[in-house]
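Structure at a glance
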Amino acid sequence: MAPKRSRTATAVEEITRSTATRKAKKARTNYSKPEAPKVVTNTSDTPILNGSASKPNQSTSKSVKNSQAEISTKPAYTCWLVKSEPDSRFENGVEMKFSFDDLKSSPNQTECWDGVRNYQARNFLRDQMKLGHNVFFYHSNCKEPGIIGICKIVKEGYPDHTQFDPKDPHYDSSSQENKPKWFMVDVQLVRPLKRFISLAELKKIHQEHVQRDGPLKKMSLFTRARLSVQPVTEEEWSYILQLENNM
DNA sequence: GCCAACGTTGGC
DNA sequence: GCCAACGTTGGC
């Protein structure tokens, strides 16, 4: 129920919040058009997750009331991948761009991951991304898409302030302050990868793994390609990290 | 710039 | 609740 913690902000968080405001990180995560409360299955706290996001109605029909039961049946992810667009692009007159380098130059190399407007991604942000979890930083919608670095969660899900700002491209007029619809986490840079691991490379591996059942077989990057915040299994995580060493 | 994939909307 | 039309993502 209660949206994640709204703990008293630490100094770090304060800095993060104030400076991050105008930054529009993350890959454009879907429909910029707000609206559409009702049917949307989970404006509520029902975590619809893993899998069948394409069928929101499924969860409606089975009317998940016991979210704990749900949670216990799904894998608890500890690793994630978030997409961000490193190249400049304009959305409603506002420049959207956020690269790994931008994170590097942020105060404390920390930023809030705002602007995500997709329910499945929202649920991950709000419910499942926990302090200390590892996150791949992925560059999307650019010349060479791929994983460029690693960051980690330093603040768990809390309301995304951009939903309340009419001037923000991700403003959502249907969201109320006392019942926020969209959430974000804070991430902090850990390190760049020793080498850039391109989507092309991952895709090739993925195809092989589909054929002969390897660790990247079911990676969300391919099975749920358009999600901008996605879970990564520990097996996938370590497999990809190990690729760093193949120069 | 194209377009496949897929999420959302809205009529029925 | 179904499903066609529409809109967006994002790789190519």
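Residues numbered from 1 in each chain as written. Chains lettered and ligands numbered in written order. Predicted model: local features only at pLDDT ≥ 70, side-chain atom pairs only at ≥ 80, totals over all residues. Heavy atoms only, no water.

You'll find chain A entered in an unreviewed UniProt entry as Thymocyte nuclear protein 1, with Lymnaea stagnalis given as the organism. What UniProt records for chain A under Subcellular location (unreviewed entry) is the sentence "Nucleus". Under the UniProt heading Function (unreviewed entry), the note attached to chain A is "Specifically binds 5-hydroxymethylcytosine (5hmC), suggesting that it acts as a specific reader of 5hmC." (UniProt positions renumbered as here; feature names shortened; annotations may be inferred.)

Among the structural elements, Lys83 can be located in strand S1 (residues 79-84). For Lys83, which is buried and forms no salt bridge, the nearest opposite charge comes from Glu85, at a distance of 9.6 Å. Within the local environment of Lys83, its side chain forms a polar contact with the backbone oxygen of Leu227, the two atoms lying 3.3 Å apart. (Helix = DSSP H or I, 4+ residues; strand = E, 2+ residues; numbered from the N terminus. Buried < 20%, exposed > 50% of the residue type's maximum accessible area, 1.4 Å probe, protein only. Lys, Arg positive; Asp, Glu negative; His and termini not counted. Salt bridge = Lys/Arg side-chain N within 4 Å of Asp/Glu carboxyl O. Polar contact = N/O pair within 3.5 Å; in protein donor to acceptor, adjacent residues only side chain to side chain.)

What follows deals with the confidence of the model for chain A. Averaged over every residue, the pLDDT of chain A is 78; residues scoring 70 or more account for 70%. Predicted confidence for residues 1-24 stays below pLDDT 50, and this span has 46 contacts to residues more than four positions away or in other chains. Below pLDDT 50 for its whole length, residues 30-71 participates in 64 contacts with residues either more than four positions away or in separate chains. (pLDDT = per-residue confidence, 0-100. Contact = heavy atoms within 4.5 Å.)

Here we come to the environment of Ser173. Within the secondary structure, Ser173 is located in the loop between strand S6 (146-159) and strand S7 (183-198). Through-space distance from the C-alpha of Ser173 to that of Trp113 is 20 Å; in sequence the pair is 60 residues apart.

Let us look at the pairing of S7. Bridge count for strand S4 (residues 110-112) against S7 is three bridges, and the pairing is antiparallel. Following the sheet pairing, Thr110 is matched in S7 by Gln188. Of the pairings in the sheet, the one linking S6 to S7 comprises 10 bridges and is antiparallel in character. Looking at S7, one finds that Lys152 is bridged to Gln188. (Pairing = 2+ DSSP bridges.)

Turning our attention to the sheet that holds S7. Here we have six strands laid out as an open sheet, ordered S4-S7-S6-S5-S1-S8, and mixed in their pairing. Single-partner strands in this sheet number two, and they are S4 and strand S8 (229-232). Here the strands of the sheet are splayed against their neighbours by 35° on average, with no regard to which way each runs. Judged from the six bridges that link them, S1 and strand S5 (residues 134-139) form a sheet pairing that is parallel. (Axes fitted to C-alpha atoms, helices over the stretch in contact; angles between N-to-C directions.)

A few words now on the nonpolar core. If you look at the biggest cluster of nonpolar residues, it comprises 21 residues, and the most contacted ones within it are Leu103, Trp113, Met129, Phe137, Val185, Val187 and Val229. Residue assignment for this core shows that the elements contributing at least two residues are S1, helix H4 (100-104), helix H5 (119-128), S5, S6 and S7. Those residues in contact with Val187 that sit more than four places away from it in its chain are Leu103, Gln109, Thr110, Glu111, Trp113, Cys151, Lys152, Ile153 and Val154. (Core = buried A, V, L, I, M, F, W, Y, C linked by side-chain atoms within 4.5 Å.)

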